Amino acid sequence: MRDPDRKDLSGVAAVIAAGGTGTRMKSRVPKQFLEIAGKPILLHTIESVSALEPVSQIVVALPAEHIPRAEAIFGRHPMRLEIRCVPGGATRQESVRCGVAHVRADADLIMVHDAVRPACDRDTMLRVLQAARKKGAAAAGLPATETIQRVARSGRVLATPPREELYAIQTPQAFRAGILRSALERAHEAGFSGTDESSVVRWAGHPVTVVAGSPDNIKITRTLDLDIAELLMSKKARGKSVSAMGESKFRVGQGIDYHRFAPGRKLILGGVEIPFAKGLQGHSDADALAHAVCDAVLGAAGLGDIGLHYPDTDPRNRDRCSLEFLKEAREKIEAAGWTIRNVDATLLLERPRVAPHLPAMRQRLAESLGLDPASVNIKATTTEGMNAEGREEGISAQAIALLGGKQE
Ligand code: MG
């Protein structure tokens, strides 16, 4: 048995309710697929959930007819976690129930979030998860800032509930898995319909704790919300995501790559062709140095590795110049609010002698990364005849990269 009070929050499954049809938007495109800041709303939301380390599974519940569209989007934007799309139900509650049915049995907590809340920050999600871990059920909420009246159909005010007791409840909401599963099943059997999961869980008899939500965590419902979300996302891209990566202003990343020698191939290292009898085997141009640098840069930003973004099963990457991967890695980390400060890398090989080519490699790597060559250092060493490199089976490279928060 795991200790329910333990500090770590692994074993969290996220269920994303993406069932809306967008009737209020008068748009033929369902609102979760409308674009803000150049990306579908659903993708913004899933990316922020996927970036949350405790989350180990993501299930998106959406109308069956929209699944191919969502899968195509996720296919073009690989993330840390594989995204599972499942058909939802007739109501939001039923959709969440369908999503929960696909959650792995070993998940301790289930976090439910709306697909159309793309601007939710990491701290809000963590607050909800921590409270759910402790109390069993938690939701993000904001104290009401306006007076809320109970009003009859006739328009007459019936009652003025005390404002200090009124909160607008948002998602994310999180629950111990057993609590949410049994509440949804009981509600399904009894025909009870709540406006959110916290209502269903409370109806089922389990207390729910409200923790501070975020005013930025808007639910995109009206056309005006798209403009507001666009503003919020650009604010986030300008630097807020730096705090989303933690409080540190700097991040360091490491990259290691190995390639075997192969006859009949060009030897490319650091974007420079080096005259030699053999080249390196690989799907792309097999530039081990560029690959190690790419992994260091992506790794520092917490964006996975080169294999995630450029799988060797993708024919588009065949024989591709690896400097292009570097350019794109730089764009990705800049989009996440980081800039590269410096890179240091070492080639490990017995032959050929690469010292005369190091300045050219430095120049080419610096160009691809948008850096001054002074911020890129390339070294080479033999392994004194030891290891695979020493036996001349191939070449390896190691790199580290330092990233800093983007300057406004
Ligand atoms: Mg490689």
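Going by the structure above, here's the rest.
Overview of the structure. (Residues numbered from 1 in each chain as written. Predicted model: local features only at pLDDT ≥ 70, side-chain atom pairs only at ≥ 80, totals over all residues. Heavy atoms only, no water.)

## Comments concerning the overall build of the chain
Consideration 1: Counting its secondary structure elements, the chain contains 12 helices and 18 strands.
Consideration 2: Seen through its C-alpha atoms, the chain measures out along the principal axes to roughly 85 × 45 × 40 Å.
Consideration 3: Counting all 408 residues of the chain, 49% fall into the buried class.
Consideration 4: For the chain, contacts bridging at least 24 residues in sequence account for 73% of all contacts bridging at least 6.
Consideration 5: Surface summary for the chain: the accessible area is close to 20,100 Å², and the carbon and sulfur share equals 52%.
Consideration 6: Once the 55 positive and 49 negative side-chain charges of the chain are each reduced to a mean point, those two points are 5 Å apart. (Helix = DSSP H or I, 4+ residues; strand = E, 2+ residues; numbered from the N terminus. Buried < 20%, exposed > 50% of the residue type's maximum accessible area, 1.4 Å probe, protein only. Contact = heavy atoms within 4.5 Å. Areas by Shrake-Rupley, 256 points an atom, 1.4 Å probe, with all protein chains shown as cover. Lys, Arg positive; Asp, Glu negative; His and termini not counted. Charge placed at Lys NZ, Arg CZ, Asp CG, Glu CD.)

## Quick word on the packing of aromatic side chains
Consideration 1: Considering all chains together, one arrives at 3 aromatic pairs under this definition.
Consideration 2: Relative to Trp203, the ring of Phe192 lies with its centre 4.6 Å away and its plane at 5°, an arrangement referred to as stacked. With Phe192 in the loop between α5 (177-190) and α6 (197-203) and Trp203 in helix α6, this pair connects stretches of sequence that are 11 residues apart.
Consideration 3: Overall, the relative accessible area of 33% leaves Trp203 in the partly exposed class.
Consideration 4: Judged by centre distance (5.8 Å) and plane angle (45°), the rings of Phe261 and Phe276 are tilted. Within this pair, whereas Phe261 is found in strand β12 (residues 250-263), its partner Phe276 is found in the loop between β14 (272-273) and β15 (278-280), the two being separated by 15 residues in sequence.
Consideration 5: The aromatic ring of Trp203 is capped on one face by Arg186, whose charged end is 5.6 Å from the ring centroid. (Phe/Tyr/Trp six-rings, centres within 6.5 Å; stacked < 30°, edge-to-face > 60°. Lys NZ or Arg CZ within 6 Å of the ring centre and 35° of its normal.)

## Observations regarding the nonpolar core
Side chains that are nonpolar tend, in soluble globular proteins, to be buried together.
Consideration 1: With 46 residues, the main nonpolar core has Leu269, Leu289, Val293, Leu347, Met361 and Leu365 as its most contacted residues.
Consideration 2: Among the secondary structure elements, those contributing two or more residues to this core are α8 (288-300), α10 (322-335), β16 (338-348), α11 (358-369), β17 (376-381) and β18 (394-405).
Consideration 3: If sequence neighbours within four positions are ignored, Val293 has contacts with Leu326, Val343, Ala345, Leu365, Leu369 and Ala399. (Core = buried A, V, L, I, M, F, W, Y, C linked by side-chain atoms within 4.5 Å.)

## Quick notes on the sheet that holds β15
Consideration 1: Here we have 5 strands laid out as an open sheet, ordered β15-β12-β18-β16-β17, and mixed in their pairing. Since the sheet does not close on itself, it has two edges, and those belong to β15 and β17, each with one partner. Averaged over all adjacent pairs, the angle separating strand axes in this sheet is 25°, with direction ignored.
Consideration 2: Taken together, the 6 bridges between β16 and β17 define a ladder with parallel strand orientation. (Pairing = 2+ DSSP bridges. Axes fitted to C-alpha atoms, helices over the stretch in contact; angles between N-to-C directions.)

## With respect to the pairing of strand β4 (residues 55-62)
Consideration 1: Counting buried residues in β4 gives 7 out of 8 residues, a clear majority hidden from the surface.
Consideration 2: As paired strands, strand β1 (residues 12-17) and β4 are joined by 6 bridges and run parallel to one another. Residue Val12 lies in a different strand from β4, and its bridge partner there is Val55.
Consideration 3: As judged from the 5 bridges shared by β4 and strand β5 (residues 83-87), these two strands associate in the parallel manner. Across the sheet, the residue bridging to Ile58 is Ile83, located in β5.
Consideration 4: Between β4 and its parallel partner β5, the chain crosses via helix α2 (residues 67-76), and the hand of that crossover is right-handed. (Right-handed = clockwise from strand over helix to strand, strands pointing away.)

## Some points on unusual backbone geometry
Consideration 1: Between Thr171 and Pro172 the backbone carries a cis peptide bond, its omega angle lying at 10°.
Consideration 2: Mapped onto the elements, Pro172 comes out in strand β10 (residues 167-176).
Consideration 3: For the bond from Arg351 to Pro352, the omega torsion is -5°, close enough to zero to count as cis.
Consideration 4: Mapped onto the elements, Pro352 comes out in the loop between β16 and α11.
Consideration 5: A positive phi angle, near 60°, is found at Ala286, a position not held by glycine.
Consideration 6: By the secondary structure assignment, Ala286 is in the loop between β15 and α8.

## Things to note about the side chain of Arg117
Consideration 1: Tracing the backbone shows Arg117 in the loop between β6 (109-114) and α4 (122-135).
Consideration 2: Residue classification places Arg117 among the buried positions, given a relative accessible area of 7%.
Consideration 3: At 2.9 Å, the side chain of Arg117 and the side chain of Asp114 are in polar contact. (Polar contact = N/O pair within 3.5 Å; in protein donor to acceptor, adjacent residues only side chain to side chain.)

## Thoughts on a nonpolar patch on the surface
Consideration 1: Where nonpolar side chains cluster on the molecular surface, the patch consists of Tyr167, Ile169 and Val210 and spans about 250 Å² of accessible area.
Consideration 2: In this fold, Ile169 is placed in strand β10. (Patch = residues over 30% accessible without salt bridge, like charges linked within 9 Å, V, L, I, M, F, W, Y side chains within 5 Å. Salt bridge = Lys/Arg side-chain N within 4 Å of Asp/Glu carboxyl O.)

## Topic: the sheet that holds strand β11 (residues 209-212)
Consideration 1: Strand order in the open sheet formed by 7 strands is β5-β4-β1-β6-β10-β7-β11, with mixed pairing between adjacent strands. In the strand order of this sheet, the two ends are held by β5 and β11, each with one partner. Strand-to-strand twist across the sheet, computed as the mean angle between neighbouring axes with direction ignored, equals 30°.
Consideration 2: On the sheet, α4 packs against β1, β6, β7 (137-143), β10 and β11 and is oriented at approximately 55° with respect to β10.
Consideration 3: Across the face of the sheet, α5 comes into contact with β6 and β10 while running at roughly 110° to β10.

Any functional reading would require information beyond the geometric quantities listed.
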